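# Fold and contact review
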Amino acid sequence: MIKICQGRDGNGAKRIVFSLPADEPPGRVSVVGSFNDWTPGQHHLQPRTTGRRSATVEVAAEAAVQFRYLGENGYWFDDPDDPDALA
C-alpha cells in the first residue's frame, strides 16, 4: 500500500509512505527507487503496531517516483496493491 501526503517541510514536498503486511514476504524488506538513487538498504520497512511495516520518504512535489521493493536473498518485487501508483 502506498500513501501520499503533504510533506512536512512546508515547501510543497510530498511524503510517501510505503507499507506492506508484517510477514509478507518474510524477512527484511527495503524500498529502493529514484528517491535514493536505487541504493538498497537505505529505507528499510520498520514494524508498526498496526501489524504492517512501513518506510517513509519525502520528495519534491514535481518529482516522478519509481520504486521496487527488495526482500532478502535478492528478491525484487513490485507493490502488490498498485504497481502503477506513482508512475
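A brief report on the enclosed structure follows. Owing to the predicted nature of the structure, the values given are computational and were not obtained by experimental measurement.

Right, let's talk about the side chain of Asn36 for a bit. Within the secondary structure, Asn36 sits in the loop between strand 3 (30-33) and strand 4 (46-47). On the accessibility criterion, Asn36 (4% relative accessible area) is buried. A polar side-chain atom of Asn36 sits 3.0 Å from a polar atom in the side chain of His43. Every residue in contact with Asn36, bar those within four places of it in the chain, is listed here: Val31, Gln42 and His43.

Right, let's get into the packing of aromatic side chains. Within this structure, the stated rule accounts for 6 aromatic pairs. Both rings, one in Phe18 and one in Tyr69, keep their centres 6.4 Å apart while their planes meet at 90°; by these two values the pair is edge-to-face. Separated by 51 residues along the polypeptide, Phe18 in strand 2 (residues 14-21) and Tyr69 in strand 6 (residues 67-70) bring together distant segments of the chain. The two residues Phe18 and Tyr69 agree in class, both being buried.

Moving on, we get to the nonpolar core. By size, the foremost hydrophobic cluster in this structure holds 14 residues, and its most contacted members are Ile16, Phe18, Val31, Leu45 and Tyr69. Those elements that provide at least two residues to this core are strand 2, strand 5 (52-59) and strand 6.

This part is about the pairing of strand 3. Here strand 3 shows no split at all, with Ser30 and Val32 on one side and Val31 and Gly33 on the other all buried. Across 4 bridges, the pairing between strand 3 and strand 6 is antiparallel. Bridge pairing in strand 6 places Val31 opposite Tyr69.

With that settled, consider the pairing of strand 5. Bridge analysis of strand 2 against strand 5 gives 8 bridges, and the strand direction is antiparallel. Looking across to strand 5, one finds that Pro21 is bridged to Arg52. Pairing analysis gives 2 bridges linking strand 4 to strand 5, with the strands arranged antiparallel. Opposite Gln46, over in strand 5, you have Ser54 as the bridge partner. Hairpin geometry of strand 4 and strand 5 is characterised by an intervening segment of 4 residues between the two adjacent antiparallel strands and by a positive phi of about 90° at Gly51.

Each value, and the rule that gives it
- Residues numbered from 1 in each chain as written.
- Predicted model: local features only at pLDDT ≥ 70, side-chain atom pairs only at ≥ 80, totals over all residues.
- Heavy atoms only, no water.
- Helix = DSSP H or I, 4+ residues; strand = E, 2+ residues; numbered from the N terminus.
- Buried < 20%, exposed > 50% of the residue type's maximum accessible area, 1.4 Å probe, protein only.
- Polar contact = N/O pair within 3.5 Å; in protein donor to acceptor, adjacent residues only side chain to side chain.
- Contact = heavy atoms within 4.5 Å.
- Phe/Tyr/Trp six-rings, centres within 6.5 Å; stacked < 30°, edge-to-face > 60°.
- Core = buried A, V, L, I, M, F, W, Y, C linked by side-chain atoms within 4.5 Å.
- Pairing = 2+ DSSP bridges.

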